[in-house]
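Now for the letters of each chain:
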Amino acid sequence: EQYLEEIPSSIFNSISPYCSPSISVKNIESKQVLSIKVSPSNKRPYFLKSKGIPDGVYIRIGTHAMPATEENIEDLQRTNTKENYDEKLFINTSIKDFDQLVLHNQYGGQPSEERLIADKVIKIDPFSNNISPTLSGILFFHKTPNKIIEGAEILFTKFSGKDMSKILRTKDYSSPLVSMVSEVLEDLEKELGTSSIRRGALIKEGKLEVPKIVIREALVNAIIHRKYFIPDSIKVALFDDRLEIYL
C-alpha cells in the first residue's frame, strides 16, 4: 500500500510532462509483485524535472539508461507530430541537382511533378510554397547525396589479414542509392574470392565465397534502416576471413 501511494507521487514530482502509469499488484509464485505499465505517449521526450532538457532525457540501450543525444531528442519530438524524417525538406537544393539518368530509369521516363510529390520525392514548402526535394529524394536521386546529408555514403576498406592493423585500399561511394548498391556489389565481386569446383582433371571457378544475394540484402538493410539524422557512414570491411557491414 505504501508503494502504491508513493510511486505515483514520486513520478508526479520528478518527471515532466506528467504521465499516469497503470499500477497494480499481482500474485506470482505466491509472491506479491508490483506491476507498473507505462503506455506510449505523444508528449515525448519525458525528462527529469531537476535536470530539464536535454540533460534530464534518457534512453534505454540494452539494460542501461543512457543520456539521450541531441539527435535522439529530435527523433522523439518528431514522433509527436507523426512527421517522417524521410520527408524532411532541403530547401537549398533543387530537382535540377538530381541525376536525370537515374531518375528516368526509375520512372521509365520523365516523371510528372504530381507523381514525384505523391512518391514524396519532392514536397511543397508550406512557408514559401516552393517545391524542394525531400530527404528521400536526395538519397535516391541526388548526384552526390553526401554533400547534402553528412554521412550519406558507403566507405569500403580492404584489410590484409584478420584485423584492422594493415589497410590495403579504401574507396568511398556517394551516388544515388540504387546506383551506389550496384557499384559496391560490382567492386566486391572483384575483391571476394571464389570457391573452386573440380571436375575430373579440370578445375572450374565456382561461386563467390559470400553469395551476392546475401551481400545485397545486408547492404540494403543497412541503407534502409540506418538513421540519417546521425552523421555517420555505412562501413564495409573486407578481411581475409570475413566481410563486415556496419553503421
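For the structure itself, look to the data block above.
Criteria and thresholds
- Residues numbered from 1 in each chain as written.
- Predicted model: local features only at pLDDT ≥ 70, side-chain atom pairs only at ≥ 80, totals over all residues.
- Heavy atoms only, no water.
- Pairing = 2+ DSSP bridges.
- Helix = DSSP H or I, 4+ residues; strand = E, 2+ residues; numbered from the N terminus.
- Axes fitted to C-alpha atoms, helices over the stretch in contact; angles between N-to-C directions.
- Contact = heavy atoms within 4.5 Å.
- 1 Å grid on protein atoms, 1.4 Å probe; cavity = no way out; pocket = protein on both sides within 12 Å on 5 of 7 lines; lining within 4 Å.
- Points joined across faces, edges and corners; volume = space filled by probe spheres on them.
- Nonpolar A, V, L, I, M, F, W, Y, C, P; charged D, E, K, R; others polar.
- Salt bridge = Lys/Arg side-chain N within 4 Å of Asp/Glu carboxyl O.
- Buried < 20%, exposed > 50% of the residue type's maximum accessible area, 1.4 Å probe, protein only.

### Some words on the sheet that holds strand β9 (residues 154–159)
At step 1: Ordered by their spatial adjacency, four strands build an open sheet running β10-β9-β13-β14, and the pairing between neighbours is mixed. Each end of this open sheet is capped by a strand with a single partner; those strands are β10 (167–173) and β14 (243–246). Recorded for the sheet is a direction-independent mean angle of 15 degrees between the axes of neighbouring strands.
At step 2: As paired elements, β9 and strand β13 (residues 234–238) share five bridges and run parallel to each other. Bridging across to β13, Lys 158 finds its partner in Leu 238.
At step 3: On top of the sheet, helix α6 (residues 177–191) reaches β9, β10, β13 and β14; it is set at about 160 degrees to β10, its chief contact.
At step 4: Helix α7 (residues 212–225) rests against β9, β13 and β14 of the sheet, and its axis sits at about 20 degrees to β14.

### Topic: the layout of surface pockets
At step 1: Put simply, the largest pocket is a space of about 570 Å³.
At step 2: For the largest pocket, the lining is made up of 21 residues, of which Ile 15, Cys 19, Val 38, Arg 44 and Tyr 46 are closest to its centre.
At step 3: Among the elements that make up the lining of the largest pocket, the one with the highest residue count is strand β5 (residues 58–61) (three residues).
At step 4: Residues belonging to the lining of the largest pocket are distributed by class as follows: 14 nonpolar, four polar and three charged.
At step 5: Reported here for the second largest pocket is a volume of approximately 300 Å³.
At step 6: Forming the boundary of the second largest pocket are 19 residues, of which Tyr 85, Asp 86, Ile 224, Arg 226 and Tyr 228 lie nearest the centre.
At step 7: Listed by contribution, the elements that provide at least two residues to the lining of the second largest pocket are α2 (70–80), α5 (135–141) and α7.
At step 8: Of all the elements, α5 adds the most residues to the lining of the second largest pocket, at four residues.
At step 9: For the lining of the second largest pocket, a count of residues per class yields nine nonpolar, four polar and six charged.

### A word on the pattern of salt bridges
At step 1: For the structure on display, the rule yields ten salt bridges.
At step 2: Glu 87 serves as the salt-bridge partner of Lys 123, at 3.7 Å between the closest nitrogen and oxygen. Of this pair, Lys 123 sits in strand β7 (residues 122–124) while Glu 87 sits in the loop between α2 and α3 (100–107), and the two are 36 residues apart along the sequence.
At step 3: Classification of Lys 123 by relative accessible area gives partly exposed; the value is 29%.
At step 4: Here Glu 87 falls in the buried class, since its relative accessible area comes to 16%.
At step 5: A salt bridge links Arg 242 to Glu 244, with the nearest nitrogen and oxygen atoms 2.7 Å apart.
At step 6: For Arg 242, a relative accessible area of 30% puts it in the partly exposed group.

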